[in-house]
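# Residue-level structure breakdown
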Amino acid sequence: MHALFDEAGKFLAGRILSEAESSAQIELDSGKRVKVKAANILLKFDKPAPAELLAQAREIAAGVELPLAWEFAPEEEFGFAELARDYFSAQAPVTEQAGMLVALFEAPHYFRRAGKGRFRKASAEVLQQALAAIEKKKQIQAQIDAWAAELVAGTCPQPVREQLYKILFRPDKNAPEYKAVVEASRSAQKAPLDLLQAAGAIDSSYQFHWKRFLFDNFPKGTGFPQLAAPQPPADLPLADVQAYSIDDSATTEIDDALSVQGLGTGTVTLGIHIAAPGLAIQPGGDLDKLGRTRLSTVYMPGYKITMLPGDVVQIYTLDEGRANPAVSLYVTIDEATLAITATETRLERVPVTVNLRHDQLDHIVTEEWLADPTIQHENTPQALLDLREQLSFLHRLAKQLKAQREVVRGKPETFNRPDYTFRLAGNDGAEPNGSETVHITTRKRGAPLDLIVAEAAIVANSTWGNMLAEHGVPGIYRSQASLAPGVKVRMSTKALPHAGIGVKSYAWATSPLRRYVDLVNQWQIIACARHGKTAALAAPFKPKDAELFSIISSFDAAYSAYNGYQAGMERFWTLKYLQQNQITELEATVFKEGPNGSFLVRADTLPLVLPVLGAQQLPRGARVRVKLGEIDEITLDVAGTLVARLDDPLDASDDGPVDEDEGDEEAVAGPIAIAVDVNEAEGEGAGGTADNRAP
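Not measured: the values here are computed from a predicted model.

Compared with the 51 Å implied by 1.5 Å per residue over 35 residues, the 51 Å span of helix α20 (residues 546-580) between its first and last C-alpha is a close match. Downstream of α20 by a residue or two, Gln582 has a phi angle that is positive, lying close to 50 degrees.

Next comes the structure, spelled out in structure tokens:
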């Protein structure tokens, strides 16, 4: 005797070895013996053999006309054998009974399971809905198959193109567009990104990076809503100074300006004047919400996305030729010793006489020019000549302040590589399209104008950070416990030392038009300036305010994403520069071991880090000539091969520069992180992959 039984939704058949009241011992064709509950035994038969019964049952099930079987089925609950006798014949053999069982079991849209071998037919309404859903699913699958075939053939269907960034970085794994890419990737045996590139889904490598960034960070676009630009308070006093700013020519958000009074008197007053949108933008207001959404201006070569609307920036930027609202820090300095003897914070309007542009003046304002009044240059602007004595004093002060910080820091700062400036020919601030000609120029770090501005910012940020702490007013600080390897800069609400800069505390407060944390700190500083010892009661944010922690978390994530995109676009335009200038070899310096047995090198005259094969065992600082490989503008990847070593292995004096402070932190752009999983097209959800260069 044989039996057909249900084992966890799977039909099996075998020979009955023994049988009790509630169970039976059955031997399968494989020789395996199983104990089966009596309730799970659906048929007992002598012939055919178990394997033959199952094979015939599946064949018969495939021929069952389900609509007809549904018509034959009674309205009440029934057994499969009953329906087999109604459908086939009153003497339906065991094979036809088993065939009906399989057919019913595999057609849940026609028949609901009501127990072991028991069923109930679906209502006409439910059946109609189920059949419509099945037909829709078939059509969707047919569409998926068609799209996948197009992708494999090298054509990208428009629906897939429209969902490109969602498919790659934040996919809905149940969407047909996503499934088509997965299916095509498997069929073509290509990575999803390679497949889509070959199919022409990516028209422009630049647009790929740009639209991906917008998809992740600005899904609603970069435009601003219509908001009224608030005017500054009308009762601000006018400062008795003549201030000037020092920025790049492309800067429109001029946050800071300087003034100097009292030269030659023994006591000099340095004014550090910061644009003051915090005097009019109210915490919790619409503009505050907008700033908190964006958190920072986004910088990239040739373009930027501002944190605040242009009309708001225009009111508060420190433009020349007008008196601008400002939060001013006045620093009293002993002219002989350059020691700081006092500080004072004021809220006022500051006359700005000129906006100096360092990229136009660095070749004039050298250390030699500042130290020797007899040095003259042709075409020197009169405004610069008028400020020569002040700039000379500020440069001497900046050098001393830097030296004092380095004593606290415990070692000198060693940023000996240049900064690089990117210019896109002809775009004039318009959104680039990737076809522009790029010009890359260098600017020596620590150039006099750069040093003056940097040290003034450090004085303001550290002084105001200390002031907030002294008044019991919370702020947002940047701190670093030590210079030990792996100890990173952190953001918190506590006034802790910043070992990397060498100051007691450091609160970002000098870029309120460009960074939201600076605007938050400015509100707190304004409260201190207005209310003194009672500032803690008047400040918008109170001690242990949960909002400050939320702001820090949001800012940290957004700022990292923005800086990552800026670095990626600088790398993109550097690779473009190589192509446009047909550069196939370059000189570089080895600075660390890289992946897969390669070594990372830094180009000597370009902002480019790349892995190089053949440089194994070369020491850090070794200078090499590298032959460049193929450039991939999508992954931003380029590799090199060692051609020759250029320095003398026995003479360290000709080694390339390696910055102790940051040489190991610069990463090489690797492959784009794609969320398409070619091994898993089903399931819910999906995972995706996210210039303020002040200290």
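Following the criterion strictly, the structure yields 27 salt bridges and no others. Between Lys44 and Glu19 there is a salt bridge, with the nearest N and O atoms lying 2.1 Å from each other. Taken together, the residues span a long stretch of sequence, with Lys44 in strand β5 (residues 41-45) and Glu19 in strand β2 (residues 10-19) at a distance of 25 residues. For Glu19, a relative accessible area of 46% translates into the label partly exposed. For the salt bridge of Glu585 with Arg625, the shortest nitrogen-to-oxygen distance reads 3.5 Å. A residue pair is termed long-range when its members are at least 10 positions apart, and Glu585 in strand β20 (residues 585-593) and Arg625 in strand β23 (residues 623-628) qualify at 40 residues. On the basis of relative accessibility, which here comes to 26%, the residue Arg625 falls in the partly exposed class. Ionic contacts of the salt-bridge type, sharing partners, join the residues Glu585, Glu587, Asp604, Arg623 and Arg625 into one network.

Time to look at the packing of helix α10 (residues 205-217) against α20. Two elements in contact, α10 and α20, have axes separated by 11 Å at closest approach and are oriented at 180 degrees. Comparing their axes, α20 and α10 come out roughly antiparallel. Together, Ser205, Tyr206, His209, Trp210, Phe213 and Asn217 of α10 and Ala561, Tyr562, Tyr565, Met569, Phe572 and Trp573 of α20 make up the contact between the two elements.

Looking now at the nonpolar core. Formed by 82 residues in total, the largest nonpolar core has its most connected members in Phe213, Leu608 and Val626. Considering every element that reaches this core, the biggest residue donor is α20, with 15 residues. Apart from the residues within four sequence positions on either side, Val626 is in contact with Thr584, Glu585, Leu586, Ala588, Val601, Leu610, Val612, Gly640, Thr641 and Val643. The next biggest cluster of nonpolar side chains, apart from the first, holds 49 residues, and it includes Leu236, Ala460, Tyr477 and Ala527.

Thresholds applied
- Residues numbered from 1 in each chain as written.
- Predicted model: local features only at pLDDT ≥ 70, side-chain atom pairs only at ≥ 80, totals over all residues.
- Heavy atoms only, no water.
- Helix = DSSP H or I, 4+ residues; strand = E, 2+ residues; numbered from the N terminus.
- Expected span 1.5 Å × (residues − 1).
- Salt bridge = Lys/Arg side-chain N within 4 Å of Asp/Glu carboxyl O.
- Buried < 20%, exposed > 50% of the residue type's maximum accessible area, 1.4 Å probe, protein only.
- Axes fitted to C-alpha atoms, helices over the stretch in contact; angles between N-to-C directions.
- Parallel < 35°, antiparallel > 145°, perpendicular 65-115°, else oblique.
- Contact = heavy atoms within 4.5 Å.
- Core = buried A, V, L, I, M, F, W, Y, C linked by side-chain atoms within 4.5 Å.

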